[in-house]
Amino acid sequence: MKFQRLLQRLGSRDPQAAEDAFGALMDDAEKYSEDLIAALGNERNVRLVGWLCELVASLRTSDAVQALAMKLNGPELSACKRESAEFWLKTIGTREACIALYERNMDDGHAH
């Protein structure tokens, strides 16, 4: 499957291979939307989570917002992964994304 090869290259230690894979995934993000969302849900590597967050955010769909919100609220995540999910939810800027951010802030006691 082409998606799996691109995902492996995205995790490559070769920066050019990783950038090329990211570009190819971004170009076909809509085609791979379900795969990208699933990969984001399963990924634990901080660097890959950041890139997957960006790819998923580019979809700007309800499913994408839900996937990012899950990363934002996941108990197993480092602060770095949460910050990436938060950044991309802010970038999406839809009502649903804003609600996910607001609910996260309420859970943390940071609502203004």
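The present account deals with the structure reproduced in this document. No experiment lies behind these values; they were computed from the predicted model shown.

Let's talk about the overall build of the chain
Broken down by element type, the chain carries seven helices and zero strands. What you see for the chain is a C-alpha radius of gyration of 14 Å, in line with the 13 Å of a compact globule of 112 residues. Projected onto its principal axes, the C-alpha positions of the chain cover 45 × 25 × 20 Å. Split into buried and exposed, the 112 residues of the chain put 38% on the buried side. Here the analysis covers contacts within the chain between residues at least 6 apart in sequence; of these, 57% occur between residues at least 24 apart. Surface exposure of the chain reaches about 6,600 Å², of which carbon and sulfur atoms provide 50%. Measuring between centres, the 14 positive side-chain charges of the chain sit 4 Å from its 18 negative side-chain charges.

Comments concerning the nonpolar core
If you look at the biggest cluster of nonpolar residues, it comprises 33 residues, and the most contacted ones within it are L10, L25, L36, L40, L52, L68 and L89. Those elements that place two or more of their residues in this core are helix 1 (2-10), helix 2 (15-27), helix 3 (33-42), helix 4 (46-57), helix 5 (62-73), helix 6 (79-92) and helix 7 (95-108). The greatest single-element share of this core, amounting to seven residues, is contributed by helix 4. With residues up to four places along the chain from it excluded, the contact list for L89 reads V65, L68, A69, L72, A97, A100 and L101.

What about the pattern of salt bridges?
According to the stated counting rule, one finds one salt bridge in the structure shown. Here K90 and E86 are joined by a salt bridge, their closest N and O atoms 3.4 Å apart. Of this pair, K90 and E86 both sit in helix 6, four residues apart, roughly one helical turn. Among the residues examined, K90 registers a relative accessible area of 53% and is labelled exposed.

Section: the packing of aromatic side chains
Within the structure shown, the criterion is met by three aromatic pairs. Ring centres of F3 and Y32 lie 5.3 Å apart, and the angle between their planes is 45°; on these two criteria the pair is classed as tilted. Remark: Y32 occurs in the loop between helix 2 and helix 3 and F3 occurs in helix 1; sequence separation between them is 29 residues. Taking relative accessible area as the criterion, Y32 reaches 5% and is therefore assigned buried.

Describing helix 3
Residues separated by three or four positions in an α-helix point in the same direction, a consequence of the helix having 3.6 residues per turn. Of all the residues in helix 3, the buried ones are L36, A39 and L40. Along the long axis of helix 3, the arc covered by the buried residues comes to 100°, so they all point the same way. Across helix 3 from its buried face, at more than 90 degrees, point the exposed residues E34 and N42. In the core, the buried residues of helix 3 are packed alongside helix 1, helix 2, helix 4 and helix 5.

The rules behind these values
Throughout, a residue's number is its position along its own chain's written sequence, starting from 1. In view of the model being predicted, local features appear only for residues whose pLDDT reaches at least 70, and side-chain atom pairs are presented and counted only at 80 or more, with totals across whole chains, interfaces and linings using the full set of residues. By convention in this description, side-chain values take in all heavy atoms of the structure and omit both hydrogens and water. Strands here mean DSSP runs of E at least two residues long; helices mean DSSP runs of H or I at least four residues long; both are numbered from the N terminus. Just to be clear, the radius of gyration here is over C-alpha atoms, and the globule rule we use is 2.2 Å times residues to the power 0.38. Note on exposure labels: buried denotes an accessible area under 20% of the residue type's maximum, exposed denotes more than 50%, and partly exposed covers the range between, all computed with a 1.4 Å probe on protein chains only. Residue contacts follow a heavy-atom distance rule, with two residues in contact if any of their heavy atoms lie within 4.5 Å. Using a 1.4 Å probe, accessible areas were evaluated by the Shrake-Rupley method; residue-level cover was limited to the displayed protein chains. Positive charges come from Lys and Arg alone, negative charges from Asp and Glu alone, with His and the N- and C-terminal ends not counted. Where a charge lies is defined by one atom per residue type: Lys uses NZ, Arg uses CZ, Asp uses CG and Glu uses CD. Grouping buried Ala, Val, Leu, Ile, Met, Phe, Trp, Tyr and Cys residues that are joined through side-chain atoms within 4.5 Å yields what is termed a nonpolar core. Whenever a carboxyl oxygen of Asp or Glu lies within 4 Å of a side-chain nitrogen of Lys or Arg, that contact is scored as a salt bridge. Aromatic pairs are defined between Phe, Tyr and Trp rings, using the six-membered ring for Trp, whenever the two ring centres lie within 6.5 Å; interplanar angles under 30 degrees are classed as stacked, those over 60 as edge-to-face, and all others as tilted. This arc is taken over the directions from the axis of the helix to the C-beta atoms.

Keep in mind that these numbers describe shape and distance, not what the molecule does.
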